[in-house]
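Chain by chain, the residues:
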Amino acid sequence: MASFSGRHSRHLLGLQGMTPDQIEPLLDLAESYALLNRSRKVPRDVLRGRTLINLFFEDSTRTRTSFELAGKRLGADVINMSVAQSSVNKGETLLDTAATLNAMQADLLVVRHSQSGAPALLAQKVEACVVNAGDGTHEHPTQALLDALTIRRHCGRFAGLTVAICGDVAHSRVARSDIHLLTTMGCKVRVVGPPTLVPNGFKSLGVEVFHTMEEGLRGADVVMMLRLQRERMSSGQIPSAREYFRFYGLDQRRLALANKDALVMHPGPMNRGVEIDSLVADSDQSVIQEQVEMGVAVRMAVLDRLTRGRHSA
Ligand code: NCD
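Residues numbered from 1 in each chain as written. Predicted model: local features only at pLDDT ≥ 70, side-chain atom pairs only at ≥ 80, totals over all residues. Heavy atoms only, no water.

Let us look at the environment of Thr51. With respect to the helices, strands and loops of the structure, Thr51 is situated in strand 1 (residues 51–56). Residues Thr51 and Ser39 lie 12 residues apart in sequence; the distance between their C-alpha atoms is 25 Å. When near neighbours in sequence (up to four residues on either side) are disregarded, Thr51 contacts Asp77, Ile79, Ala106, Asp107 and Leu108. (Helix = DSSP H or I, 4+ residues; strand = E, 2+ residues; numbered from the N terminus. Contact = heavy atoms within 4.5 Å.)

This next bit is on the UniProt feature "binding site: L-aspartate" (unreviewed entry) in the chain. With numbering aligned to this structure, UniProt lists the feature "binding site: L-aspartate" (unreviewed entry) at Lys90, Arg173 and Arg227. Relative to the elements of secondary structure, Arg173 occurs in helix 6 (residues 173–184). When neighbours within four sequence positions are excluded, Arg173 is seen to be in contact with Glu58, Arg112, His113, Gly134, Asp135, Gly136, Thr137, His138, Glu139, His140 and Arg232. A polar atom in the side chain of Arg173 sits 3.2 Å from the backbone oxygen of Gly136. If you trace the backbone, Arg227 turns up in the loop between strand 8 (222–225) and helix 8 (241–248). Here Arg227 is in contact with Asp168, His266, Pro269, Asn271 and Glu275, once residues within four sequence places are set aside. (UniProt positions renumbered as here; feature names shortened; annotations may be inferred. Polar contact = N/O pair within 3.5 Å; in protein donor to acceptor, adjacent residues only side chain to side chain.)

A turn of α-helix holds 3.6 residues, and therefore any two residues three or four places apart point the same way. In a regular helix each residue adds 1.5 Å, so 12 residues correspond to 16 Å; helix 6 covers 17 Å between its end C-alpha atoms and thus fits that length. Most of helix 6 is tucked away, with 10 of its 12 residues classed as buried. Along helix 6, the positions that sit buried rather than exposed are Arg173, Val174, Ala175, Arg176, Ser177, Asp178, Ile179, His180, Leu181 and Leu182. Put simply, Ser172 is the residue that caps the front of helix 6, since its side-chain oxygen is 3.2 Å from the backbone nitrogen of Val174. The first or second residue beyond helix 6 is Gly186, which carries a positive phi of 100°. (Expected span 1.5 Å × (residues − 1). Buried < 20%, exposed > 50% of the residue type's maximum accessible area, 1.4 Å probe, protein only.)

What follows is about the domain arrangement of the chain. Parsing the chain into structural domains produces domain 1 (11–139 + 293–308) and domain 2 (141–287). Centre-to-centre separation of domain 1 and domain 2, based on C-alpha positions: 25 Å. In this complex, domain 1 contributes 36 residues to the contact, which on the side of domain 2 involves 26 residues. Across the domain 1 to domain 2 interface the summed buried area is about 2500 Å²; carbon plus sulfur atoms make up 63%. Among the residues of domain 1 in contact with domain 2, Leu15, Leu27 and Thr137 are the three that bury the most area, contributing 24% of the side total. Remark: the boundary between domain 1 and domain 2 carries five salt bridges. Applying the counting rule to domain 1 against domain 2 returns eight residue pairs in polar contact (both at pLDDT 80 or more). At the level of elements, helix 1 (20–39), helix 2 (62–73), strand 3 (108–113), strand 4 (129–135) and helix 11 (288–307) are the ones that each hand at least two residues to the side of domain 1 that touches domain 2. It is helix 1 that contributes the most residues to the side of domain 1 that touches domain 2, 10 residues altogether. (Domains from an automatic or database assignment. Buried area = accessible area lost by both parts, 1.4 Å probe. Salt bridge = Lys/Arg side-chain N within 4 Å of Asp/Glu carboxyl O.)

As structure tokens, then:
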């Protein structure tokens, strides 16, 4: 599932199995794009003549916009295809879509899908480079890369950092990608939340499991909050939003248990007052807007790396 692994690898489907040697150079490239973005000096010929198709089978605002901006800043032609969810067999739909996209000769395909594994299936059937923009509860590699870049900018390292990923871990592809990446880079990762949303099985991924915020936040350098993903829940997994906030919401009092100046992160979209209090989300410790900024830079780096040395379609 890893990409950038073989010399000829052309997809980014997930981070599981990637090594620090593959991750660090990508973060370095993203950092250089972050600086170019700020100085408005991005070379527009990196993707000139390339076509990027955003293929989103699930709703998205920031991720789709972020990929669109990344492609356009590097000079690609970007097309957004919003594919309405259909009740027909997902496999057939995807394969039909793959045939259409091959005929259109896209160079880059950015895919979001509610089914885990859908981008990997498409990758087998298309000529284009495929980037997973979130598949089911499986992975969301560019989100984890932007999280890592944001952490590295503030902390200057990964080794020995304690990162607490809190909330609806069970349904979160963001959490899975972050766990793969951050444990690989030497962070100590904790997952924190109610047993219904943070099953003990996560221990097999090399993380510590906590069921109270008070224990899970103590001594953390980074506090990463996750959205309650009700659209993926069966009923009864949480009592009510109010109750949830009372036990698992991040407010100033709980944040004070983490290390002084701990970073506050959230992949967005945020449910203020459900998993995070506005006073914390908008505080000096919050790097949530910087995550969005780094998202564009990371996606530029990924698009650049995947297409480098490849002939355009
Ligand atoms: C995340 C996603 O779609 O997995 N959002 C994002 O990409 N910024 C997390 C979420 O939806 O809660």
